[in-house]
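What follows is the residue order along each chain.
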Amino acid sequence: YVVCAQKNNDQYDDGFYMRKSVELARKGLGYTSPNPLVGCVIVKDGEVVGQGFHPKAGQPHAEVFALRDAGDLAENATAYVTLEPCNHFGRTPPCTEALIKAKVKKVVVGMVDPNPIVASKGVDRLRNAGIEVVVGVEEELCKGLNEAYIHHMLVGKPLLTLRYSLSVNGNLLDSLGNGVTESGGYYSRLLQEYDAVILSSSLFRESLSVDLVPLSQEPGANQPIRIIVHKDSGSSNQIPLVNNKVNDKVIIFTDCRETTASEEAQQGIETVSLDEINLDAILDYCNRQGLCSVLLDMRGNCSEYEELVKEGIEKKYINKFVTEILPVWKGCTQNDTLLQLKNLDQGVKVGYLRPMASAQSVVVEGYLNF
Ligand code: AOF
Ligand code: ZN
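The shown structure was predicted, so the numbers you read here are calculated from the model rather than taken from an experiment.

Draft legend 1. Fine view of the overall build of the protein chain. In terms of helices and strands, the protein chain carries 12 helices and 13 strands. Counting every position in the protein chain, which comprises 370 residues, the buried fraction comes to 38%. Contacts in the protein chain between residues at least 24 apart in sequence constitute 65% of all its contacts with a sequence separation of at least 6.

Draft legend 2. How the structure looks around the site of ligand 1. Neighbouring ligand 1 are 17 residues, the closest being Asn-35, Val-38, His-61, Gly-90 and Asn-115. Each residue belonging to the shell around ligand 1 can be placed in one class, and the counts come to nine nonpolar, six polar and two charged.

Draft legend 3. Structural context of the pairing of strand 11 (residues 293-297). Taken across its five residues, strand 11 has five buried, putting it largely inside the fold. Of the two faces of strand 11, the one lined by Ser-293, Leu-295 and Asp-297 and the one lined by Val-294 and Leu-296 are each fully buried. Pairing analysis gives three bridges linking strand 7 (residues 196-199) to strand 11, with the strands arranged parallel. By the bridge assignment for strand 11, Ala-196 is matched with Val-294.

Draft legend 4. Representation of the environment of Glu-276 in the model. Position of Glu-276 relative to the elements: it lies in the loop between strand 10 (269-273) and helix 9 (279-288). Given 8 C-beta atoms within 10 Å, Glu-276 falls into the exposed group. Measuring from C-alpha to C-alpha, the distance between Glu-276 and Asp-113 comes to 37 Å, with 163 residues separating the pair along the chain.

Draft legend 5. Fine view of the environment of Leu-24. Tracing the chain through its elements places Leu-24 in helix 1 (residues 2-25). Apart from the residues within four sequence positions on either side, Leu-24 is in contact with Gly-39, Val-41, Gln-51 and Phe-53.

Cut-off values and rules
Residues numbered from 1 in each chain as written. Chains lettered and ligands numbered in written order. Predicted model: local features only at pLDDT ≥ 70, side-chain atom pairs only at ≥ 80, totals over all residues. Helix = DSSP H or I, 4+ residues; strand = E, 2+ residues; numbered from the N terminus. Buried ≥ 20, exposed ≤ 12 C-beta atoms within 10 Å, placed from the backbone. Contact = placed C-beta atoms within 7 Å. Near = placed C-beta within 6 Å. Nonpolar A, V, L, I, M, F, W, Y, C, P; charged D, E, K, R; others polar. Pairing = 2+ DSSP bridges.

Written out as C-alpha coordinates, the structure reads:
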(Lines give C-alpha, C1' and ligand atoms only; values in the text may rest on other atoms or scores of the structure.)
(Ligands and ions follow the chains in the order given, each with its own letter.)
Protein backbone atom coordinates (compact mmCIF):
# COMPACT_ATOMS: atom_id res chain seq x y z
CA TYR A 1 0.00 0.00 0.00
CA VAL A 2 2.76 2.35 0.86
CA VAL A 3 4.34 1.80 -2.54
CA CYS A 4 1.01 2.52 -4.19
CA ALA A 5 0.44 5.68 -2.22
CA GLN A 6 3.92 6.85 -3.13
CA LYS A 7 3.17 6.27 -6.79
CA ASN A 8 -0.08 8.17 -6.68
CA ASN A 9 1.69 10.93 -4.93
CA ASP A 10 4.31 11.10 -7.67
CA GLN A 11 1.58 11.19 -10.25
CA TYR A 12 -0.05 14.11 -8.53
CA ASP A 13 3.26 15.87 -8.19
CA ASP A 14 4.00 15.60 -11.88
CA GLY A 15 0.77 17.41 -12.75
CA PHE A 16 1.32 19.94 -10.02
CA TYR A 17 4.80 20.91 -11.16
CA MET A 18 3.78 20.92 -14.80
CA ARG A 19 0.98 23.37 -14.02
CA LYS A 20 3.55 25.51 -12.26
CA SER A 21 5.68 25.39 -15.40
CA VAL A 22 2.69 26.43 -17.47
CA GLU A 23 2.18 29.41 -15.20
CA LEU A 24 5.80 30.39 -15.65
CA ALA A 25 5.58 29.98 -19.41
CA ARG A 26 2.73 32.51 -19.53
CA LYS A 27 5.11 35.20 -18.31
CA GLY A 28 6.46 35.33 -21.84
CA LEU A 29 3.00 35.91 -23.32
CA GLY A 30 3.17 38.23 -26.28
CA TYR A 31 6.94 38.42 -26.39
CA THR A 32 8.17 35.11 -27.76
CA SER A 33 6.78 34.81 -31.30
CA PRO A 34 7.76 33.09 -33.55
CA ASN A 35 9.02 30.98 -30.66
CA PRO A 36 6.68 29.18 -28.30
CA LEU A 37 5.87 29.95 -24.69
CA VAL A 38 7.84 27.53 -22.55
CA GLY A 39 8.18 27.17 -18.79
CA CYS A 40 10.40 24.92 -16.70
CA VAL A 41 10.76 24.05 -13.05
CA ILE A 42 13.42 21.89 -11.47
CA VAL A 43 12.40 19.87 -8.45
CA LYS A 44 14.54 18.04 -5.96
CA ASP A 45 13.20 16.09 -3.01
CA GLY A 46 9.81 17.71 -3.42
CA GLU A 47 11.23 21.22 -3.51
CA VAL A 48 11.41 23.63 -6.40
CA VAL A 49 15.10 24.47 -6.78
CA GLY A 50 14.98 26.23 -10.15
CA GLN A 51 12.52 28.10 -12.36
CA GLY A 52 12.66 29.57 -15.81
CA PHE A 53 10.66 30.63 -18.83
CA HIS A 54 11.44 31.61 -22.37
CA PRO A 55 11.29 35.42 -22.47
CA LYS A 56 11.89 36.24 -26.13
CA ALA A 57 13.05 34.71 -29.39
CA GLY A 58 16.83 34.81 -29.51
CA GLN A 59 17.18 34.56 -25.76
CA PRO A 60 17.92 31.32 -23.88
CA HIS A 61 15.22 28.70 -23.53
CA ALA A 62 13.21 28.00 -20.38
CA GLU A 63 15.37 25.03 -19.42
CA VAL A 64 18.54 27.10 -19.47
CA PHE A 65 17.12 29.71 -17.13
CA ALA A 66 15.80 27.04 -14.78
CA LEU A 67 19.13 25.19 -14.74
CA ARG A 68 21.01 28.40 -14.04
CA ASP A 69 18.60 29.08 -11.20
CA ALA A 70 19.09 25.61 -9.74
CA GLY A 71 22.88 25.55 -10.04
CA ASP A 72 24.42 22.39 -8.55
CA LEU A 73 21.07 21.37 -7.12
CA ALA A 74 20.01 20.27 -10.60
CA GLU A 75 22.05 17.11 -10.20
CA ASN A 76 19.70 14.13 -9.71
CA ALA A 77 16.70 16.45 -9.83
CA THR A 78 13.61 16.26 -12.04
CA ALA A 79 13.01 18.91 -14.70
CA TYR A 80 9.43 19.73 -15.74
CA VAL A 81 9.21 21.37 -19.14
CA THR A 82 5.99 22.37 -20.91
CA LEU A 83 7.55 21.62 -24.32
CA GLU A 84 9.99 18.93 -25.33
CA PRO A 85 13.57 20.17 -24.87
CA CYS A 86 15.20 21.05 -28.17
CA ASN A 87 18.04 19.04 -29.61
CA HIS A 88 19.27 21.49 -32.23
CA PHE A 89 21.33 24.58 -32.66
CA GLY A 90 18.94 27.38 -33.52
CA ARG A 91 19.49 30.87 -32.28
CA THR A 92 20.54 29.08 -29.08
CA PRO A 93 22.29 25.75 -28.32
CA PRO A 94 20.36 22.52 -27.59
CA CYS A 95 18.68 22.24 -24.20
CA THR A 96 19.07 18.47 -24.17
CA GLU A 97 22.83 18.91 -23.78
CA ALA A 98 22.36 21.42 -20.99
CA LEU A 99 20.09 19.00 -19.10
CA ILE A 100 22.52 16.11 -19.62
CA LYS A 101 25.47 18.20 -18.50
CA ALA A 102 23.59 19.28 -15.38
CA LYS A 103 23.01 15.55 -14.63
CA VAL A 104 19.28 15.74 -14.07
CA LYS A 105 17.78 12.36 -13.30
CA LYS A 106 14.40 12.72 -14.93
CA VAL A 107 12.65 15.01 -17.39
CA VAL A 108 8.87 15.40 -17.49
CA VAL A 109 7.62 16.84 -20.77
CA GLY A 110 4.22 18.43 -21.37
CA MET A 111 4.09 17.89 -25.11
CA VAL A 112 6.30 16.80 -27.97
CA ASP A 113 7.57 19.73 -30.04
CA PRO A 114 5.72 19.97 -33.38
CA ASN A 115 8.77 21.69 -34.86
CA PRO A 116 10.02 19.10 -37.40
CA ILE A 117 13.62 19.85 -36.44
CA VAL A 118 12.87 18.62 -32.92
CA ALA A 119 9.78 16.30 -33.13
CA SER A 120 10.73 13.67 -30.51
CA LYS A 121 14.46 13.85 -31.21
CA GLY A 122 14.89 15.78 -27.98
CA VAL A 123 13.16 13.04 -26.02
CA ASP A 124 15.23 10.35 -27.78
CA ARG A 125 18.45 12.16 -27.04
CA LEU A 126 17.65 12.41 -23.33
CA ARG A 127 16.65 8.75 -23.12
CA ASN A 128 19.81 7.69 -24.93
CA ALA A 129 21.76 9.59 -22.34
CA GLY A 130 20.12 7.47 -19.64
CA ILE A 131 17.66 10.07 -18.40
CA GLU A 132 14.14 8.91 -17.56
CA VAL A 133 11.63 10.84 -19.67
CA VAL A 134 7.87 11.05 -19.17
CA VAL A 135 5.86 12.68 -21.97
CA GLY A 136 2.33 14.09 -22.02
CA VAL A 137 1.75 15.39 -18.49
CA GLU A 138 -0.94 18.13 -18.58
CA GLU A 139 -0.66 17.92 -22.34
CA GLU A 140 -3.85 19.85 -23.17
CA LEU A 141 -2.84 22.68 -20.91
CA CYS A 142 0.58 22.81 -22.53
CA LYS A 143 -0.92 22.75 -26.01
CA GLY A 144 -3.25 25.56 -25.03
CA LEU A 145 -0.23 27.74 -24.36
CA ASN A 146 0.91 27.60 -27.94
CA GLU A 147 -2.04 27.36 -30.24
CA ALA A 148 -0.56 29.71 -32.81
CA TYR A 149 2.91 28.17 -32.63
CA ILE A 150 1.53 24.65 -33.12
CA HIS A 151 -0.75 25.73 -35.96
CA HIS A 152 2.05 27.58 -37.68
CA MET A 153 4.41 24.60 -37.37
CA LEU A 154 1.89 22.05 -38.61
CA VAL A 155 0.01 24.01 -41.25
CA GLY A 156 2.78 26.34 -42.39
CA LYS A 157 0.47 29.36 -42.27
CA PRO A 158 -0.38 31.85 -39.58
CA LEU A 159 -3.28 31.02 -37.31
CA LEU A 160 -6.15 33.21 -38.40
CA THR A 161 -8.81 34.11 -35.90
CA LEU A 162 -11.94 35.90 -36.99
CA ARG A 163 -13.34 38.12 -34.31
CA TYR A 164 -16.87 39.32 -34.70
CA SER A 165 -19.96 40.41 -32.85
CA LEU A 166 -23.37 39.01 -33.53
CA SER A 167 -26.76 39.98 -32.25
CA VAL A 168 -28.81 37.16 -30.79
CA ASN A 169 -30.75 37.12 -34.05
CA GLY A 170 -27.55 36.15 -35.73
CA ASN A 171 -26.86 39.40 -37.50
CA LEU A 172 -23.27 40.32 -37.93
CA LEU A 173 -22.85 43.67 -36.25
CA ASP A 174 -20.89 46.46 -37.82
CA SER A 175 -20.16 47.97 -34.49
CA LEU A 176 -20.66 47.28 -30.85
CA GLY A 177 -23.48 49.78 -30.71
CA ASN A 178 -23.88 52.79 -28.51
CA GLY A 179 -22.41 52.62 -25.09
CA VAL A 180 -21.38 49.02 -25.37
CA THR A 181 -18.01 48.29 -23.92
CA GLU A 182 -16.12 45.13 -23.41
CA SER A 183 -15.82 43.55 -20.04
CA GLY A 184 -12.93 41.63 -18.68
CA GLY A 185 -10.32 43.01 -21.03
CA TYR A 186 -10.28 39.74 -22.95
CA TYR A 187 -9.78 41.46 -26.26
CA SER A 188 -7.01 43.68 -24.98
CA ARG A 189 -5.21 40.65 -23.68
CA LEU A 190 -5.76 38.87 -26.94
CA LEU A 191 -4.16 41.72 -28.81
CA GLN A 192 -0.95 41.13 -26.92
CA GLU A 193 -0.88 37.53 -28.04
CA TYR A 194 -1.36 38.07 -31.74
CA ASP A 195 1.41 39.01 -34.12
CA ALA A 196 -0.92 41.09 -36.26
CA VAL A 197 -4.46 42.36 -36.26
CA ILE A 198 -6.46 43.28 -39.36
CA LEU A 199 -8.65 46.24 -38.54
CA SER A 200 -11.31 48.14 -40.35
CA SER A 201 -10.04 51.59 -41.15
CA SER A 202 -12.53 53.24 -38.80
CA LEU A 203 -11.47 50.99 -35.95
CA PHE A 204 -7.88 51.55 -36.91
CA ARG A 205 -8.23 55.27 -36.54
CA GLU A 206 -9.98 54.79 -33.26
CA SER A 207 -7.38 52.32 -32.15
CA LEU A 208 -4.62 54.88 -32.31
CA SER A 209 -5.87 56.37 -29.13
CA VAL A 210 -8.05 53.71 -27.61
CA ASP A 211 -8.16 50.08 -28.53
CA LEU A 212 -4.61 49.02 -28.98
CA VAL A 213 -3.24 50.35 -25.76
CA PRO A 214 -2.34 47.10 -24.06
CA LEU A 215 -3.70 46.43 -20.61
CA SER A 216 -0.25 45.65 -19.46
CA GLN A 217 1.67 48.87 -19.15
CA GLU A 218 4.95 47.08 -18.91
CA PRO A 219 7.54 48.64 -21.13
CA GLY A 220 7.96 46.71 -24.34
CA ALA A 221 4.61 44.91 -24.10
CA ASN A 222 3.77 43.34 -27.40
CA GLN A 223 1.61 45.34 -29.78
CA PRO A 224 0.41 43.47 -32.80
CA ILE A 225 1.26 44.87 -36.19
CA ARG A 226 -1.84 46.69 -37.43
CA ILE A 227 -3.02 45.75 -40.85
CA ILE A 228 -5.51 47.82 -42.76
CA VAL A 229 -6.88 47.19 -46.19
CA HIS A 230 -7.54 49.98 -48.61
CA LYS A 231 -9.51 49.06 -51.65
CA ASP A 232 -9.53 51.31 -54.66
CA SER A 233 -13.02 52.69 -54.59
CA GLY A 234 -12.69 54.22 -58.03
CA SER A 235 -13.51 57.70 -56.83
CA SER A 236 -10.56 58.39 -54.60
CA ASN A 237 -7.48 56.51 -55.53
CA GLN A 238 -5.55 57.82 -52.56
CA ILE A 239 -4.56 55.91 -49.51
CA PRO A 240 -5.79 57.79 -46.47
CA LEU A 241 -2.99 59.45 -44.61
CA VAL A 242 -2.67 57.67 -41.34
CA ASN A 243 -1.55 59.54 -38.34
CA ASN A 244 0.50 56.95 -36.56
CA LYS A 245 0.73 58.60 -33.17
CA VAL A 246 1.73 55.52 -31.28
CA ASN A 247 4.53 54.65 -33.66
CA ASP A 248 3.75 50.97 -33.93
CA LYS A 249 4.17 49.08 -37.11
CA VAL A 250 1.35 49.37 -39.63
CA ILE A 251 0.89 47.61 -42.93
CA ILE A 252 -1.57 48.92 -45.49
CA PHE A 253 -2.62 46.51 -48.22
CA THR A 254 -3.91 48.32 -51.24
CA ASP A 255 -4.87 47.71 -54.83
CA CYS A 256 -4.42 51.38 -55.66
CA ARG A 257 -2.07 51.95 -58.56
CA GLU A 258 -0.73 55.18 -57.22
CA THR A 259 0.42 55.38 -53.69
CA THR A 260 1.45 58.30 -51.63
CA ALA A 261 4.50 56.81 -50.00
CA SER A 262 6.41 59.92 -49.06
CA GLU A 263 5.37 60.68 -45.50
CA GLU A 264 4.35 57.17 -44.65
CA ALA A 265 7.84 55.80 -44.34
CA GLN A 266 8.68 57.98 -41.38
CA GLN A 267 5.60 56.84 -39.58
CA GLY A 268 6.36 53.12 -39.53
CA ILE A 269 3.81 52.49 -42.22
CA GLU A 270 4.52 49.95 -44.88
CA THR A 271 2.41 49.99 -48.02
CA VAL A 272 1.98 46.74 -49.90
CA SER A 273 0.46 46.85 -53.35
CA LEU A 274 -1.47 43.80 -54.43
CA ASP A 275 -3.12 43.29 -57.80
CA GLU A 276 -6.05 41.80 -56.06
CA ILE A 277 -6.75 42.02 -52.37
CA ASN A 278 -7.80 38.79 -50.76
CA LEU A 279 -7.22 37.15 -47.45
CA ASP A 280 -4.92 34.48 -48.85
CA ALA A 281 -2.61 37.10 -50.29
CA ILE A 282 -2.56 38.94 -46.98
CA LEU A 283 -1.84 35.77 -45.03
CA ASP A 284 0.89 34.79 -47.48
CA TYR A 285 2.53 38.11 -46.96
CA CYS A 286 2.25 37.75 -43.17
CA ASN A 287 3.74 34.29 -43.42
CA ARG A 288 6.72 35.58 -45.36
CA GLN A 289 7.21 38.14 -42.62
CA GLY A 290 7.39 35.30 -40.09
CA LEU A 291 4.10 36.14 -38.39
CA CYS A 292 2.43 33.17 -36.69
CA SER A 293 -0.96 34.58 -35.81
CA VAL A 294 -3.35 37.09 -37.29
CA LEU A 295 -6.56 38.36 -35.75
CA LEU A 296 -9.18 39.61 -38.20
CA ASP A 297 -11.33 42.05 -36.31
CA MET A 298 -14.74 42.45 -37.86
CA ARG A 299 -15.76 45.28 -35.59
CA GLY A 300 -16.14 48.82 -36.67
CA ASN A 301 -17.37 49.58 -40.12
CA CYS A 302 -16.28 46.36 -41.69
CA SER A 303 -17.82 46.84 -45.09
CA GLU A 304 -14.36 46.67 -46.63
CA TYR A 305 -13.91 43.24 -45.09
CA GLU A 306 -17.18 41.65 -45.97
CA GLU A 307 -15.86 40.77 -49.35
CA LEU A 308 -12.60 39.61 -47.88
CA VAL A 309 -14.38 37.32 -45.53
CA LYS A 310 -16.67 36.02 -48.18
CA GLU A 311 -13.75 35.20 -50.38
CA GLY A 312 -11.21 34.03 -47.88
CA ILE A 313 -13.25 32.54 -45.09
CA GLU A 314 -16.23 30.66 -46.25
CA LYS A 315 -19.38 32.37 -45.20
CA LYS A 316 -20.77 29.04 -44.11
CA TYR A 317 -18.90 29.31 -40.85
CA ILE A 318 -20.97 32.29 -39.92
CA ASN A 319 -24.11 30.38 -40.90
CA LYS A 320 -23.02 27.44 -38.86
CA PHE A 321 -22.58 29.74 -35.97
CA VAL A 322 -26.09 31.07 -36.30
CA THR A 323 -27.84 27.77 -36.87
CA GLU A 324 -25.85 25.48 -34.61
CA ILE A 325 -23.84 27.34 -32.03
CA LEU A 326 -26.10 30.18 -31.11
CA PRO A 327 -29.07 28.04 -30.04
CA VAL A 328 -26.79 26.10 -27.73
CA TRP A 329 -25.38 29.27 -26.35
CA LYS A 330 -28.79 30.78 -25.66
CA GLY A 331 -29.80 27.94 -23.39
CA CYS A 332 -26.76 27.91 -21.16
CA THR A 333 -24.79 29.73 -18.59
CA GLN A 334 -21.47 30.93 -19.82
CA ASN A 335 -19.37 28.11 -18.45
CA ASP A 336 -21.74 25.48 -19.74
CA THR A 337 -21.56 27.06 -23.10
CA LEU A 338 -17.86 26.78 -23.51
CA LEU A 339 -18.02 23.13 -22.55
CA GLN A 340 -20.89 22.37 -24.89
CA LEU A 341 -19.34 24.27 -27.73
CA LYS A 342 -16.21 22.23 -27.40
CA ASN A 343 -18.30 19.13 -27.90
CA LEU A 344 -19.86 20.39 -31.10
CA ASP A 345 -17.99 19.18 -34.12
CA GLN A 346 -18.00 22.38 -36.11
CA GLY A 347 -14.81 22.08 -38.01
CA VAL A 348 -14.16 25.42 -36.41
CA LYS A 349 -13.19 26.35 -32.95
CA VAL A 350 -14.90 28.98 -30.94
CA GLY A 351 -12.22 30.47 -28.82
CA TYR A 352 -14.42 32.68 -26.75
CA LEU A 353 -18.02 33.57 -26.61
CA ARG A 354 -19.90 35.76 -24.25
CA PRO A 355 -22.55 38.41 -23.93
CA MET A 356 -21.22 41.95 -23.92
CA ALA A 357 -21.41 43.50 -20.50
CA SER A 358 -23.54 46.55 -20.87
CA ALA A 359 -25.37 45.67 -24.06
CA GLN A 360 -29.07 46.29 -23.91
CA SER A 361 -29.72 43.55 -26.34
CA VAL A 362 -27.31 40.73 -25.93
CA VAL A 363 -24.38 40.71 -28.26
CA VAL A 364 -22.35 37.62 -28.79
CA GLU A 365 -18.69 37.93 -29.40
CA GLY A 366 -17.09 35.02 -31.10
CA TYR A 367 -13.72 33.87 -32.22
CA LEU A 368 -13.29 31.38 -34.98
CA ASN A 369 -9.91 29.88 -35.70
CA PHE A 370 -8.90 28.75 -39.14
C1 AOF B 1 11.92 28.34 -27.39
N2 AOF B 1 11.94 28.38 -26.05
O3 AOF B 1 12.12 27.43 -24.10
C4 AOF B 1 12.14 26.07 -26.03
C5 AOF B 1 12.08 26.05 -27.46
O6 AOF B 1 16.09 29.56 -32.39
P7 AOF B 1 15.99 28.92 -31.06
O8 AOF B 1 17.32 28.34 -30.60
O9 AOF B 1 15.39 29.81 -30.01
O10 AOF B 1 15.05 27.65 -31.22
C11 AOF B 1 13.65 27.78 -31.34
C12 AOF B 1 13.03 26.42 -31.27
O13 AOF B 1 13.43 25.72 -30.12
C14 AOF B 1 11.52 26.44 -31.21
O15 AOF B 1 10.95 26.50 -32.48
C16 AOF B 1 11.21 25.12 -30.54
O17 AOF B 1 11.20 24.12 -31.52
C18 AOF B 1 12.42 24.84 -29.65
N19 AOF B 1 12.15 24.93 -28.18
N20 AOF B 1 11.98 27.21 -28.07
O21 AOF B 1 11.81 29.36 -28.02
C22 AOF B 1 12.07 27.31 -25.33
N23 AOF B 1 12.24 24.95 -25.32
ZN1 ZN C 1 15.80 24.59 -26.13
